[in-house]
Every structure is written in C-alpha cells, then in structure tokens.
Amino acid sequence: MKRRTHKSDEAERFREIEESHHRPLTTEIENNDASRSGIYLFTIGMFVMGVAVTLALTSPWLSIGTIIASLFAGWLLAQLIRIAPQWERVSILRFGRFSRIAGPGPFFVIPFAEYAAMYVDHRIMADSFSAEEALTADLVPVDVDAILFWMVWDAEKACLEVENYPKAVLWSAQTAMRDAIGQINLADLSMRRKQIDHELEQALAAKCEQWGITVLSVEIRDISIPRELQHALSREAQAQKERDARIILAEVEKDISEMFVEAADVYDRNPRAMELRAMNLAYEGARDAKSVLLAPSALADGFNVGRNCGRD
C-alpha cells in the first residue's frame, strides 16, 4: 500500500512539472496610467465659471431664459478653452480640414467650426505582439512573443497618413516578424535573437518613418515550439552529448596508448628501467598494511648444489 502511494505521488509530481513547463508565463504589472482627472476638472471649472459669470451679469433679469443662456455660455466656454498634458498633442480640424496641432498646455478651439479629432501621445510606447505558428525556413511552426518600443515624432503625419497608427504599427511588426522567422532555421533561431531584433528594427523603421513614427527597438521575449518537437530535440541533444563523450574518450585512450608505446620503447632499450618499475609496483602494492604480496623467490636455487658446481 505504501509503495502504491509513493508511485502515485511521484506521478502527480511529474504531472505538475509538465504542466508548469507549458503554463503561460504571466507577470503582474501595477497599473501606472497617467490620470486625466485634471483635464476633466479644468473643463468642469470652465463650465462653472461661464455659468456663474453669465448669471451674475443677467441677475437683474433672472428667468428661465437667462438660466438656459448661462448653461449655454458655460458649455461654450468649456468648449473654447482646453488643455492638453505635456506628453499629448491634439489634432484640430476646421470644417473637416486639418488646421493645426495644438498642445501641450491650454489651447483654443472655435466652437461649431473646429473640433479635436485625435489625441496623440508623444511618449515611448511599449506594446507586446506575437507571431503564432510562424514557419521557420525548415518548416517548423513556432510561437514568438516580442516587445516593440516606438514613439510618435510627427503627430500630423500619424493622424493623416494612416487610419489607426497603433494597430498599423503592431500589424506591421507581426508581419515583419513572420518574414524574419521564415528565413532562419530552427537551430539558428535561438542563437540569432539579437540579429533578428536588429533586422526587425530596421524593417519597421523604414516602413513607419512615413507615418511620423520612430521604432526604437524590438526585443524577442519568448520562443515556443511544439511539445512533440521539444522531446525530439531533447533526444537529439542527448545523443549529440553522448557522441561527443565517446569521441573524447576515444581520443584519451589513443593518447594513453601512445604513451604506453613510448614507455615500452624505453623499457626495451634499458632492461634495468623495467626492473626498477617492477620494484616500484611491488612497493606500491606492499605499502598498504592490509594487503598481501605474493612474489616468486630465487632462494631455492641456492640448494641446487649441482647447478652451483657447474654439473648438470
């Protein structure tokens, strides 16, 4: 019973490890968007001031008409004077035609003739995009996640040259990513990340320059391949490592054999060297008190009198 429980625990642990390897990575990022409450408060303040001034001027003739006129004056003043944050530019159209780029700070809009068509952020934008199941040069589908850093340097071009410039930039980045991956084999994809980033940056910069947008950098964040291919690549890497180990072992054995041949030549030229080597081996074997060395002895030859006297 205990053995079964141990095996089930091991299987459960293995399943959790497998799921963790294929679980999408998420990063908790604290929301740090800029607040626009100051702009709203300024608009409300302009409206209140317009209503208050109009009511003060028409107080002797206070009526429903003067109250409506005061509300209209407040709305008119709120539409006339506006403000934009330091990092924003506002595209102003007059009767449907481009008039100017306003901001940052306070700017004036002629009611009923002009209106703010688009607010353009001039800060560096960081957007993530992905190329799902993009085919490499050897036809392997991979999923690539990357981050694109870009900024608008010409608000007029960004408003007039392209309909939705953030979406156009991201779609262009995704297309360029697929084209770059399609020219590289899977084995080179991981090693050439920096080169791919540089190529994407150059391609996007040349395309987005006409929109008044600068691409600062492209950084590949993650490369995912199918699970079946991961197992195959793992087995291939293990086989390659085993092959390298066998080659290294064979080279070492070759070097050792060459050293043995050189030593044999030395012993063959000088028999005393071989005797000294044998005595050294005997000493090394008998040095340990726990070992027993058995060696042939020539002591019995002293009892052979005939041989010592030269007789057969």
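Residues numbered from 1 in each chain as written. Predicted model: local features only at pLDDT ≥ 70, side-chain atom pairs only at ≥ 80, totals over all residues. Heavy atoms only, no water.

Draft legend 1. Region of the structure containing the pairing of strand β2 (residues 88-94). In terms of residue burial, β2 counts as a mostly covered element, since 6 of its 7 residues are buried. As paired elements, β2 and strand β5 (residues 114-121) share 7 bridges and run antiparallel to each other. Counterpart to Arg89 in the pairing with β5 is Val120. Judged from the 5 bridges that link them, β2 and strand β3 (residues 97-102) form a sheet pairing that is antiparallel. From the neighbouring strand, Val90 faces β3, where its bridge partner is Ala102. A loop of 2 residues connects β2 with β3, the two strands running antiparallel in sequence, and Phe95 in this loop sits at a positive phi of about 55°. (Buried < 20%, exposed > 50% of the residue type's maximum accessible area, 1.4 Å probe, protein only. Helix = DSSP H or I, 4+ residues; strand = E, 2+ residues; numbered from the N terminus. Pairing = 2+ DSSP bridges.)

Draft legend 2. Examining the packing of aromatic side chains more closely. According to the stated counting rule, one finds 3 aromatic pairs in the structure shown. Ring centres of Trp75 and Phe112 lie 5.7 Å apart, and the angle between their planes is 50°; on these two criteria the pair is classed as tilted. Of this pair, Trp75 sits in helix α3 (residues 64-80) while Phe112 sits in the loop between β4 (105-108) and β5, placing them 37 residues apart in sequence. Classification of Phe112 as exposed rests on a relative accessible area of 67%. Here a set of aromatic residues connected by ring pairs shows up, and it is made of Phe72, Trp75 and Phe112. Between the NZ or CZ atom of Arg36 and the centre of the ring of Tyr119, over which it lies, the distance is 5.6 Å. (Phe/Tyr/Trp six-rings, centres within 6.5 Å; stacked < 30°, edge-to-face > 60°. Lys NZ or Arg CZ within 6 Å of the ring centre and 35° of its normal.)

Draft legend 3. Structural context of the side chain of Glu114. If you trace the backbone, Glu114 turns up in strand β5. At a separation of 2.4 Å, a polar atom in the side chain of Glu114 contacts the side chain of Arg94. Dropping the residues within four chain positions of it, Glu114 is found in contact with Ile92, Leu93, Arg94, Ser99, Arg100, Phe108 and Val109. (Polar contact = N/O pair within 3.5 Å; in protein donor to acceptor, adjacent residues only side chain to side chain. Contact = heavy atoms within 4.5 Å.)

Draft legend 4. Fine view of the environment of Met177. Topologically, Met177 is positioned in helix α5 (residues 165-181). C-alpha separation for the pair Met177 and Glu199, spaced 22 residues apart in sequence, amounts to 9.3 Å.

Draft legend 5. Structural context of the sheet that holds β3. What the 3 strands build is an open sheet, ordered β3-β2-β5; its pairing is antiparallel. A single partner strand is all that each edge strand has here, and the edge strands are β3 and β5. In this sheet, neighbouring strand axes are inclined to one another by 25° on average, regardless of whether the strands run parallel or antiparallel. (Axes fitted to C-alpha atoms, helices over the stretch in contact; angles between N-to-C directions.)

Draft legend 6. Highlighting the pattern of salt bridges. Within the structure shown, the criterion is met by 6 salt bridges. Two residues, Arg36 and Glu88, come together in a salt bridge whose shortest N-O distance is 2.5 Å. Placement of Arg36 in the loop between α1 (2-21) and α2 (37-57) and of Glu88 in strand β2 is noted, with a sequence separation of 52 residues between them. Exposure remark for Arg36: the relative accessible area of 28% places this residue in the partly exposed category. Look at Glu88 and you get buried, because its relative accessible area is 8%. Notably, a salt bridge pairs Arg246 with Glu242, separated by 3.4 Å at the nearest N-O pair. Of this pair, Arg246 and Glu242 both sit in helix α8 (residues 227-269), separated by 4 residues, roughly a single helical turn. Owing to a relative accessible area of 58%, Arg246 belongs among the exposed residues under this scheme. It is possible to trace a salt-bridge network through shared partners that takes in Arg94, Arg100 and Glu114. (Salt bridge = Lys/Arg side-chain N within 4 Å of Asp/Glu carboxyl O.)

Draft legend 7. Quick look at the side chain of Asp197. Its location among the elements puts Asp197 in helix α7 (residues 193-208). We note that Asp197 is buried and unpaired, the nearest opposite charge coming from Lys194 at a distance of 5.0 Å. Within the structure, the side chain of Asp197 is placed 3.3 Å from the backbone nitrogen of Ile220, a separation counted as a polar contact. Excluding anything up to four places from it in sequence, Asp197 contacts Val218, Glu219 and Ile220. (Lys, Arg positive; Asp, Glu negative; His and termini not counted.)

Draft legend 8. Up close: the packing of α5 against α7. Axis separation between α5 and α7 bottoms out at 10 Å; the angle between their running directions is 135°. The angle between the axes of α5 and α7 places the two elements in the oblique class. The crossing of α5 and α7 is right-handed. Residues Val169, Ser172, Ala173, Ala176, Met177 and Ala180 of α5 lie in contact with α7, whose contacting residues are Ile196, Leu200, Leu204, Lys207 and Cys208. Across the contact of α5 with α7, the residue classes tally to 9 nonpolar, 1 polar and 1 charged. (Parallel < 35°, antiparallel > 145°, perpendicular 65-115°, else oblique. Left-handed = near helix turned anticlockwise from the far one by under 90°. Nonpolar A, V, L, I, M, F, W, Y, C, P; charged D, E, K, R; others polar.)

Draft legend 9. Focus on a negative patch on the surface. Side chains of Glu251, Asp255, Glu258, Glu262, Asp265 and Asp268 sit close together on the surface and give a patch of like negative charge. Structurally, Glu262 can be placed in helix α8. A relative accessible area of 54% means that Glu262 is categorised as exposed. (Patch = residues over 30% accessible without salt bridge, like charges linked within 9 Å, V, L, I, M, F, W, Y side chains within 5 Å. Areas by Shrake-Rupley, 256 points an atom, 1.4 Å probe, with all protein chains shown as cover. Charge placed at Lys NZ, Arg CZ, Asp CG, Glu CD.)

Geometric descriptors of this kind do not, in isolation, establish any biological role.
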